[in-house]
Amino acid sequence: MLQVSLARLKQGHRTISYPAQVPTLPDRFRGLPAVDTSKCPDGCSACAEACPTDAIAIDEKGFRLDLGRCLFCTDCTQACPEGAIRYTQEHRLATTTRQDLIFNGSTLKRAQALDEKRRRLFGRSLKLRQVSAGGSGACEADLNVLGTIVFDLGRFGIQFVASPRHADGLVVTGPVSENMRSALLETYAAIPAPKLVIAVGTEAISGGIFRGHSEVHNGCDTFLPVDLYIPGWPPHPLTILDGLLRLLGRLQDSTNPPA
């Protein structure tokens, strides 16, 4: 016991100070894309053609990037001959609606807080049941990371629970495979009303790389009313945490320019 105590003293305080201070993210982190359309040659659609999930559209309406489909891979940046697309360190990506994930290259409308009645219900204590509906395991892993001493999700009054009957909301990962459809719907039905639904990761939002396959349903909002969309494949733990805190009214700003 003495050795354990000495080891803890040597390690010191490990929990990050977020949201008071955002830790420095590694250079390899890929956050909100920044797009400089002034660099785009007329008629060039190399980035759209390279995108494996058809997340990019370029037409008479201009440039649009669907963050709900984006894998945050580098295919578009490598394909662009002029370097018009780059990834920033902006980790704040969660939105309230699916339409808000359609990014025009300049601003992204961040997630809005719940209405006052639901903030009173969930703002100080939020219990969540997570369902992996055919996911790859990546988003599930980053949700698990939130329970470590580094992020310490419990200090915000947010916890994952084993039973949907003890939950206030449902966190969905994965594209919703046909084999998991019934289990997902039954879990949602078992959560007492009022309840929340949070889609975490590109798969849960749009199907991701599995989109269009006959055995998946292209995300959970086909069946469920989603209150929060958190894009990424997988989203960084800070992206998930930021979205949850915005939903609960802990963070206020609503738009951001690319960094």
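Residues numbered from 1 in each chain as written. Predicted model: local features only at pLDDT ≥ 70, side-chain atom pairs only at ≥ 80, totals over all residues. Heavy atoms only, no water.

Moving on, we come to a nonpolar patch on the surface. A surface patch of nonpolar side chains, amounting to about 360 Å² of accessible area, comprises Leu 2, Leu 6 and Leu 9. Topologically, Leu 9 is positioned in helix H1 (residues 2–11). Judged by its relative accessible area of 68%, Leu 9 falls in the exposed class. (Patch = residues over 30% accessible without salt bridge, like charges linked within 9 Å, V, L, I, M, F, W, Y side chains within 5 Å. Areas by Shrake-Rupley, 256 points an atom, 1.4 Å probe, with all protein chains shown as cover. Salt bridge = Lys/Arg side-chain N within 4 Å of Asp/Glu carboxyl O. Helix = DSSP H or I, 4+ residues; strand = E, 2+ residues; numbered from the N terminus. Buried < 20%, exposed > 50% of the residue type's maximum accessible area, 1.4 Å probe, protein only.)

Applying the stated rule across the entire model yields 1 aromatic pair. Ring plane angle 35° and centroid distance 6.1 Å describe the contact between Phe 72 and Tyr 87, whose orientation is recorded as tilted. Linking Phe 72 in the loop between strand S3 (62–66) and helix H3 (75–79) with Tyr 87 in strand S4 (residues 85–87), this pair joins segments that are 15 residues apart in sequence. Among the residues examined, Phe 72 registers a relative accessible area of 8% and is labelled buried. Here the guanidinium or amino end of Lys 195 rests over the ring plane of Tyr 188, the centre of that ring lying 4.1 Å away. (Phe/Tyr/Trp six-rings, centres within 6.5 Å; stacked < 30°, edge-to-face > 60°. Lys NZ or Arg CZ within 6 Å of the ring centre and 35° of its normal.)

What follows is about helix H8 (residues 237–247). The element H8 is largely enclosed, with a buried count of 11 among its 11 residues. Of all the residues in H8, the buried ones are Pro 237, Leu 238, Thr 239, Ile 240, Leu 241, Asp 242, Gly 243, Leu 244, Leu 245, Arg 246 and Leu 247. Where H8 terminates, the next one or two residues include Gly 249, which has phi positive at roughly 80°.

Quick look at the pattern of salt bridges now. As enumerated under the stated definition, the model contains 10 salt bridges in all. Note that Asp 66 and Arg 69 form a salt bridge whose closest N and O atoms lie 3.7 Å from each other.

All right, on to the sheet that holds strand S2 (residues 56–59) then. On the basis of which strands lie adjacent, the open sheet formed by 3 strands has the order S2-S3-S5 and antiparallel pairing. Of all the strands in the sheet, just S2 and strand S5 (102–103) have a single pairing partner and so form its edges. Pairing analysis gives 4 bridges linking S2 to S3, with the strands arranged antiparallel. Residue Asp 59 lies in a different strand from S3, and its bridge partner there is Gly 62. (Pairing = 2+ DSSP bridges.)

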